[in-house]
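Topology and contacts: notes
Listed below are the residues making up each chain.
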Amino acid sequence: MEDYPEELRTPPVALVCLAGCPELHHPISAFLHSEQPPINTLALPDFSKASVLARKKNRDPLSQPTPAPPSGILKRDWLLKHRTRVPAVVAALFRADQISGDPAQWLQACTDLENLKSLIHGRSTRLVVVLVQTQAAEELSEDVMTALRKRAEIDPKHLVEFVQNDATDLRQSLNKLASLFAELCLTYYKEEGRRIRSIIEKKSSPFPELNIRYCFKIAIYAEFRRDWSEALKFYEEAYRVLREMTNTSTRLPPIQRLVEIKTIAEQLHFKISTLLLHGGKIMEAVARFLKHIKTYKRLVGPPEVDFLHWEWYSRQFLVFAELLETTAAGAPSSQSPRFGTAESPFSEWEFQPAYYYQLAANYLREKRCCLEQSSLSKTDLPTKITEAPDSVMPSIHIGQSARLVEEGDIVTVLPLSDAEYVAYALAEAERFQDCYEIIALYKRAQESFSSHGSQRMACLCTLGMAREYYASDDFTNSKQLFDTVAALYRREGWAPLLWEVLGYLRDCAKRLGLTKEYTAYSLEMAALPVFSTGFEKTIDFGPAGPATLSRREEIQREALNFAVETDGDTEPVGLDIDPVSPLRSVLLVAVAFHEQSVKPDSAALLTVSLLSQLPLLFKVGSLEVEFNQPACNFSMPVPLEVSPNKWLRLTHEVKSGQSGKLECLSVKAKINNNLIICCRAESPALMEDLTMWKYENQRETYPTLDPALSLSGQKSIQVDEPNPLVDLTLNSTGPALVGEVFQIPVLVVSTGHVIRGGELKINLVDARGGGMLMSPRETDESDAHHVELLSISGLPEEKEDDQNTDLSEETKSDNIRKIQYSFGVVSVPVLKEGESWCCNLEIRWHRPKSVMVYVSLGYNPGDVDQRVNVHRSLQIEGKVPFFVNHRFMMSFRREPLLISNIRSLISPLEEKKVSLAFKENNIVVVSAKNCTDVPLNLVSMKIVPEGGTDSSQKLFVVQEISGISNNCTRFVPGEEFRGVFSIIPQVSKPSLSLGVVCVEWMRENQKQDQPEIVTTKHSLPQVCVEDPPLVAAIECPPFAIVGDPFSVYIKVKNNTNLLQEIKYSLGDSQNFVFCGAHVHSASVFPGKEHVLSYKFVPFSAGVQQLPRITITSVRYSAQLTPSIAAGTIFVYPTEPKFTLEKNGSELVV
């Protein structure tokens, strides 16, 4: 489509001519270009240049008395002329001072207008006069305006005032001018089209060429005014008339007449397709294109110029593919289910550009083939012309050519005869190489098919590119593309197609001197399952020839002889065949051990089976079998014969003295001195079928004589380890507790082997799965690991001597090589038979976790270089020793008023902290419960500052009220201990850390000389310390006697600098009578204490509840209510008598 002129490829744009005032041409042109639709401008700086608008005097063919037939259909430059040189509107720009100023200037303006009028006379071109004013206030008189309109002979609206300098007025003037130009352009092109249509309607033209020309012009004028439906209608009418005149026109010689008709048909069809596609009518466009190529496919012409037809035919597909790519419309999804039916006879591919690119390349190949056949000798041309004519150029009509003849200073344009045109066309066609254009077309089709996921079609286009590279002797690129195609054909099993591609690859490798690739391609071709089909003469098999059995045998001989004839000094050709290699059908090797396992140094039977699909028997000079243990490799120097499609089975004994996996890796078959085939060994049980031979009708055989071995045989066998004569024992004393160093004794006893080079490997694994013994969200520190292997104790001490000091130190440092926290390695000393060695694994649990301890002992028995391994495992539960809890309390019968507690009641969503009173005695009760199944000794319980420093001593004071005595306290499983501590905060802070509770304990029955004391920590929360404004304390005797009065004092202390007003009340009780106010109020001075006194007389004995006392702070709207325990007293019926006896150092009541 790039070869088409721009005026044909792009829609026509209206043209306006601007004359005068050149400084305004750029802004006006830019504004008109930005309009929709845009308008082009022809700018004339002054009126002297207006001669370019002069009209050539062309005679109308129908105006003659006896009309002569036209010399062509369409003129070559008509469309370009109307887009660049024939304007629809001519605008004359004059400044206001040129009109209203000097009379000489007025006369010059009138002269310029007269010249313009004479130039556009006889056309429908409209004239517009633009008066340029500097400001809107510079208005001309009505008389001047009228005189100017009469001189220009224009309507009043065609005289436009253009204000230049003011930005707003400039914008309005441009809009007004653009609207006027658009209206006049539309009128001009409509009248031009109506004028030519009247000629067609009169049917006054006896020549179809003129009818085609007139229809084309009407369609172009319709495009100028964006009337796409009318343009499409007349393009189709021109196309119809052109098709009818194919067999009737005798104006030109036959060949040139056919070339002209096809060229015009191509341009008309291009216009029709463009309008249909950009209108979203893709199905109509496809139908129109198919009809177009069907109509002109048979209009080939004489045989000597049939290459021109196929070049033209290929270009039709190329242009339509490019149109499909550029259009926004796609294949209609609603029609997709009905592709290929009577309702919608199109296929899905006919809506894809790749389909047309591929066909364009195919027909261009056809053109090249015809061109090679049309290279006639000089005597074969009709007029015996010896050379192609010189100075051939395109004629003034589309699709025609002419010859320039120079005779002195006279240049004459003469028509060409068909013989001259054929000679010229042949000479021009031979100048260009079509192969690169064909490759480019195939490349575009391949990329488009690949983008839509159509790999097979993309592969077909790749094959076309490879053939073109091969035809142009570019064997490197050709081989690369053929390899890509062959990979798909191998994967999908297209044997006949693969035969052709391998033939090309084989020839490319031979031409490039690639011996290895040539041999591989040849042997693969010989092993393909392709035979005679009876249609060899009608199928192009490429350089390989027909795919027959005899040809396969011939290729096999050529491949083997080609390898033998190479220089003897060079390295032999080596072919590697693995389970995915395409050469598996050349030689397939199956290896099967008869047993699954074998003892060391015991013989194991091995069967090596060879299978080939080559058509001829071939000999193998020697066979080498390689294993992963080189000591087991063996070779068979005896010549072997491999028959087509028949297993060659060989059985051999293999011994291995090394434990582990023994696997056959490969089998090397030496065909001759210059060819070695190395095949990867395959297990019969896992061996896949040959892709190309899977569906062939042949007898099924097994690699081994025993079919059961063929179904289960493996190419590897397990060589067992020698029986270890060593006892490895792990012991555990019970569950491990978090925090302690837990020891696991490991005992190694030699019961028959001498242990040398022994290593003990320890691995800790999560017993519940997962494998990780650390928290994935924590950092890589020791506390982040749930379980940690600390060390291994009990290692043998190295002998100290002066000569081996460095060695001893190195040995000591290498006793334990910790790789991770859960892995360790320790060396085991040399042990003779009957000797033993032990060590202790020291493991610490940081969190409760069930752990599986794996211990592996690896050693060499004596001087034998054979590794023996012994494995043991032990599951250990990690548990928490104590469950520690705490509880905060206030002093007995002392209640402070804490403001933070009041706020927490008002805003329950806020974070709630424990509040402590500043410089008050706050009680903390810490409980520790034995959660294990073993008894523990509790050594101590204390509260220490966080971090173990003394910096917190200034923040609070801790006193132990009730705790553990000097001796250890024994706690059985499930028993609970409570410790009572007093905390007196020394600072008032909204957030204060009280430190941690440290519980020290140890296991029972530990050695007294080295007891291991373990500390379990429990962090106390952050508390809020505040100075209470009021503190209420109750003073009451410890007991009472029925009928005896006793006094109760309630002391309220004001800790603030403000006067505090309180209200207090005392409830009734049926067990007491009292003396005092039920409800009253009082004022407490700053820093002072107010005392409330009551007298109570009890009536009942036992535990009794005093009347409910409530104290309310008026300022804080808060109540102080003593707890139930604070208001409880025991009442005796009579006065009790206590007897104190001294028993040793104790007093007994």
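Structural data are supplied above this passage.
Keep in mind the model is a prediction, meaning the values are calculated, not measured.

For the rest of this paragraph, the subject is the overall build of the chain. For the chain, the helix and strand inventory stands at 23 helices and 54 strands. Counting across all 1149 residues of the chain, residues that qualify as buried make up 46%.

Now for helix H9 (residues 228–244). For H9, built from 17 residues, the straight-helix expectation of 24 Å at 1.5 Å per residue is met to within 8% by its first-to-last C-alpha distance of 25 Å. For H9, every residue scored as buried is listed here: Glu 230, Ala 231, Leu 232, Phe 234, Tyr 235, Ala 238, Tyr 239, Val 241 and Leu 242. Of the surrounding secondary structure, the elements contacted by the buried residues of H9 are helix H7 (167–202), helix H8 (208–224), helix H10 (254–278) and helix H11 (282–296).

What follows deals with the state of the cysteines. Applying the stated rule across the entire model yields zero disulfides. Cys 839 provides the cysteine sulfur closest to Cys 838, a residue in no disulfide bond, and the two sulfurs are 7.1 Å apart.

Another aspect to go through is the sheet that holds strand E50 (residues 1109–1113). As summarised here, the arrangement of the four strands in space is E47-E45-E50-E51, forming an open sheet in which the pairing is antiparallel. Each edge of the open sheet is held by one strand with a lone partner, namely strand E47 (1079–1084) and strand E51 (1118–1120). Taken pair by pair, the neighbouring strands of this sheet meet at an average axis angle of 25°, ignoring direction. Where E50 lies against E51, three bridges are found, and the strand directions are antiparallel. Across the sheet, Ile 1111 pairs through a bridge with Leu 1120, a residue of E51.

Below, the discussion takes up the sheet that holds strand E37 (residues 976–985). The four strands are arranged E30-E33-E37-E35 in an open sheet whose pairing can be described as antiparallel. Two strands in the sheet have a free side with no partner beyond their single neighbour: strand E30 (882–890) and strand E35 (956–962). Taking each pair of neighbouring strands and ignoring which way they run, the sheet shows an average axis angle of 25°. Relative to E37, E35 runs antiparallel, the two sharing six bridges. Paired with Val 958 across the strands is Ile 983, a residue of E37.

Turning our attention to the side chain of Ser 915. Relative to the helices and strands, Ser 915 is located in strand E32 (residues 914–917). Beyond its immediate stretch of four places on either side in the chain, Ser 915 contacts Leu 898, Ser 900, Asn 901, Cys 1024 and Glu 1026.

When the charged atoms of two side chains with opposite charge come close together, those side chains can pair. Following the criterion strictly, the structure yields 44 salt bridges and no others. Here Arg 551 and Glu 558 are joined by a salt bridge, their closest N and O atoms 3.9 Å apart. Overall, Arg 551 belongs to the buried group, its relative accessible area being 14%. As a salt-bridge pair, Glu 1004 and Arg 970 come within 2.4 Å of each other at their nearest N and O atoms. Taken as a pair, Glu 1004 in the loop between strand E39 (996–1003) and strand E40 (1014–1019) and Arg 970 in strand E36 (residues 969–971) lie far apart in primary sequence, 34 residues in all. Exposure remark for Arg 970: the relative accessible area of 45% places this residue in the partly exposed category. The structure contains a network of salt bridges with shared partners spanning Glu 114, Lys 117, Arg 151 and Glu 153.

To characterise two packed helices, one gives the angle between the axes of the helices and the distance between these axes. Interhelical geometry of H10 versus helix H14 (residues 418–431) gives an angle of 60° and a closest axis separation of 8 Å. As summarised for this structure, H10 and H14 are arranged oblique, according to the angle between their axes. Only Asp 418, Tyr 421 and Val 422 of H14 make contact with H10, whose side of the interface consists of Pro 254, Ile 255, Gln 256 and Val 259. Across the contact of H10 with H14, the residue classes tally to five nonpolar, one polar and one charged.

What follows covers the packing of helix H13 (residues 353–373) against helix H15 (residues 434–451). Orientation of H13 relative to H15, taken along the N-to-C sense of each, is 160°, at an axis distance of 8 Å. When the interaxial angle is binned, H13 and H15 end up roughly antiparallel. The handedness of the crossing between H13 and H15 comes out as left-handed. In this structure, H13 contributes Ala 354, Tyr 355, Tyr 357, Gln 358, Ala 360, Ala 361, Asn 362, Leu 364, Arg 365, Lys 367 and Arg 368 to the contact, and H15 contributes Asp 434, Cys 435, Glu 437, Ile 438, Leu 441, Tyr 442, Arg 444, Ala 445, Ser 448 and Phe 449. Split into classes, the residues belonging to the contact of H13 with H15 amount to 12 nonpolar, three polar and six charged.

It is worth spelling out the nonpolar core at this point. Grouped together as the largest cluster of nonpolar side chains are 185 residues, with contacts concentrated most on Phe 181 and Leu 242. Here this core takes 12 residues from helix H12 (residues 306–326), the largest share from any one element. Filtering out sequence-adjacent residues up to four positions away, Phe 181 remains in contact with Val 16, Leu 18, Leu 32, Ile 39, Val 89, Ala 91 and Val 128. If you look at the next biggest cluster of nonpolar residues, it comprises 45 residues, including Leu 587, Val 589, Leu 606 and Cys 632.

On the surface, Met 393, Leu 404, Val 411 and Val 413 cluster together into a nonpolar patch covering about 310 Å² of accessible area. Counting through the fold element by element, Met 393 comes out in strand E6 (residues 392–394). Judged by its relative accessible area of 34%, Met 393 is partly exposed.

This next bit is on the packing of aromatic side chains. Taken as a whole, this structure holds 38 aromatic pairs when the rule is applied. Look at Trp 310 and Tyr 313: their rings are 5.7 Å apart centre to centre, the planes differ by 90°, and that puts the pair in the edge-to-face class. Within this pair, Trp 310 and its partner Tyr 313 are both found in helix H12, separated by three residues, close to a single helical turn. Look at Trp 310 and you get buried, because its relative accessible area is 13%. The structure contains a cluster of three or more aromatic residues connected by ring pairs, namely Phe 289, Trp 310, Tyr 313, Phe 317, Phe 320, Tyr 355, Tyr 356 and Tyr 363. The ring of Tyr 296 carries the charged tip of Arg 243 above its face, separated from the ring centre by 5.9 Å. The aromatic ring of Tyr 239 is capped on one face by Arg 288, whose charged end is 4.8 Å from the ring centroid.

Phi is mostly negative for residues that are not glycine, and the peptide bonds are mostly trans. For the bond running from Gln 36 to Pro 37, omega is -5°, close enough to zero to count as cis. With respect to the element layout, Pro 37 can be found in the loop between helix H2 (25–34) and strand E2 (39–44). For Asp 601, which is not a glycine, the phi torsion comes out positive at approximately 65°. Here Asp 601 is to be found in the loop between strand E11 (597–598) and strand E12 (603–611). The class for Asp 601 is exposed, based on a relative accessible area of 58%.

A large share of strand E34 (residues 936–944) lies buried, amounting to seven of its nine residues. Of the pairings in the sheet, the one linking E34 to E36 comprises three bridges and is antiparallel in character. Within the sheet, the bridge partner assigned to Asn 937 lies in E36 and is Arg 970. By the bridge criterion, eight bridges tie E34 to E39 in an arrangement that is antiparallel. Residue pairing in the sheet places Ser 940 in a bridge with Glu 1000 of E39.

Basis of the calculations
- Here the residue numbers are simple positions, counted from 1 along each chain's written sequence.
- Totals for whole chains, interfaces and linings use every residue, but because this is a predicted model, local features are given only for residues with pLDDT of at least 70 and side-chain atom pairs only at 80 or more, for both listing and counting.
- Derived side-chain values reflect all non-hydrogen atoms in the structure, with water molecules and hydrogen atoms excluded from consideration.
- Only DSSP runs of H or I with at least four residues qualify as helices, and only runs of E with at least two residues qualify as strands; both kinds are numbered from the N terminus onward.
- Using a 1.4 Å probe on the protein chains alone, a residue whose accessible area is under 20% of its type maximum counts as buried, one over 50% counts as exposed, and one in between counts as partly exposed.
- Multiply 1.5 Å by the residue count of a helix minus one, and that product is the helix's expected span.
- Any two residues whose heavy atoms approach within 4.5 Å are treated as being in contact.
- Only a pair of cysteine sulfur atoms within 2.5 Å counts as a disulfide in this structure description.
- At least two bridges found by DSSP between two strands is the condition for calling them paired.
- Axis definition: a line fit to C-alpha positions, over the contact stretch in the case of helices; interaxial angles, taken between N-to-C directions, run 0 to 180 degrees.
- Take a side-chain nitrogen of Lys or Arg and a carboxyl oxygen of Asp or Glu: if they are within 4 Å of each other, that pair is a salt bridge.
- If an angle is under 35 degrees, it is roughly parallel; if it is over 145, roughly antiparallel; if it lies from 65 to 115, roughly perpendicular; otherwise it is oblique.
- Nonpolar residues are Ala, Val, Leu, Ile, Met, Phe, Trp, Tyr, Cys and Pro. Charged residues are Asp, Glu, Lys and Arg, and all others, Gly as well, are polar.
- Crossing handedness follows the turn of the near helix against the far one: under a right angle anticlockwise gives a left-handed crossing, and clockwise gives a right-handed one.
- What is meant by a nonpolar core is a set of buried Ala, Val, Leu, Ile, Met, Phe, Trp, Tyr and Cys residues, joined one to another through side-chain atoms within 4.5 Å.
- In this analysis, a patch consists of residues with relative accessible area above 30% that form no salt bridge, clustered at 9 Å for like charges and at 5 Å for the nonpolar side chains Val, Leu, Ile, Met, Phe, Trp and Tyr.
- In short, Shrake-Rupley with a 1.4 Å probe defines the accessible areas, and a residue's cover is counted only from the protein chains shown.
- Put simply, two rings from Phe, Tyr or Trp (the six-membered ring, in Trp's case) pair if the centres are within 6.5 Å, and we call them stacked under 30 degrees between planes, edge-to-face over 60, tilted for the rest.
- A ring is scored as having a charge over it whenever the NZ atom of a lysine or the CZ atom of an arginine sits within 6 Å of its centre and within 35 degrees of its normal.

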